Amino acid sequence: AAVRMTMEALRLRRLLEETLASRPWWVLLEFRRTDDEVADWSLLSHSLRELEDAHRIARVISDLRDHALAVVFCDSEEEVRRLLGGIRARRLWVWVYVAGKPVGWSPPEPKTRRRGGRTCRT
C-alpha cells in the first residue's frame, strides 16, 4: 500500500507542476501518514499553524491525509518563508515553486533524542 501511495503522490505531483506552472508562489507538501489519524492531525496542525486560518489548516491536513499531497498558494516570498519557518514535522516534505519552477525543498526534520546530555539526530 505504501508503494502504491508513493506512486500516486508522484503522479499527482507531476500533474500539479504542469497545471500550476503559471502560479507565482506555491508550496507543495508531501506527507507520509500513519495509521494513527489523531497523531497525524496533531503533528500537522502544530506544524502548519503559520497558515493561521483554521479552515485552511483543516483543508491542507485533510488533503495530506487523503492524498499524501497538498498545495498551499502564497502571495509572496515572505509568506512562503513564514510557512516554512513553522514546519517542524517528520514525515513532511516541502517543495517551493516560483512560476512553476521548483526553487527549493526541505526534507522532514530528523528525529532527535537525548544521549548523555547531547541531542543526537537519528
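For the structure, see preceding data.
About the thresholds
Residues numbered from 1 in each chain as written. Predicted model: local features only at pLDDT ≥ 70, side-chain atom pairs only at ≥ 80, totals over all residues. Heavy atoms only, no water. Pairing = 2+ DSSP bridges. Helix = DSSP H or I, 4+ residues; strand = E, 2+ residues; numbered from the N terminus. Axes fitted to C-alpha atoms, helices over the stretch in contact; angles between N-to-C directions. Buried < 20%, exposed > 50% of the residue type's maximum accessible area, 1.4 Å probe, protein only. Core = buried A, V, L, I, M, F, W, Y, C linked by side-chain atoms within 4.5 Å.

(A) Fine view of the sheet that holds strand S4 (residues 101–106). Spatial ordering of the open sheet is given by S2-S1-S3-S4, a layout of four strands whose pairing is antiparallel. Looking along the sheet, the strands with just one partner apiece sit at the ends: strand S2 (69–74) and S4. Averaged over all neighbouring strand pairs, the angle between strand axes comes to 25°, with direction disregarded. Of the strand pairs in this sheet, strand S1 (residues 25–31) and strand S3 (residues 92–98) are connected by seven bridges, and their pairing is antiparallel.

(B) Looking closely at the environment of Glu-18. One can find Glu-18 in helix H1 (residues 2–19). With a relative accessible area of 64%, Glu-18 lands in the exposed category.

(C) Up close: the nonpolar core. Within the largest apolar cluster, 20 residues are counted, with the highest numbers of intra-cluster contacts made by Val-27, Leu-29, Leu-48, Val-60, Leu-64, Val-72 and Leu-92. By size, the runner-up hydrophobic cluster in this structure holds 10 residues, among which are Leu-20, Ala-68, Val-71 and Tyr-97.

(D) Layout of unusual backbone geometry. Backbone geometry places Glu-52, a non-glycine residue, at a positive phi of 70°. Note that Glu-52 resides in the loop between helix H2 (37–47) and helix H3 (54–67). Positive phi values are uncommon outside glycine, yet Ala-68 reaches one of about 70°.

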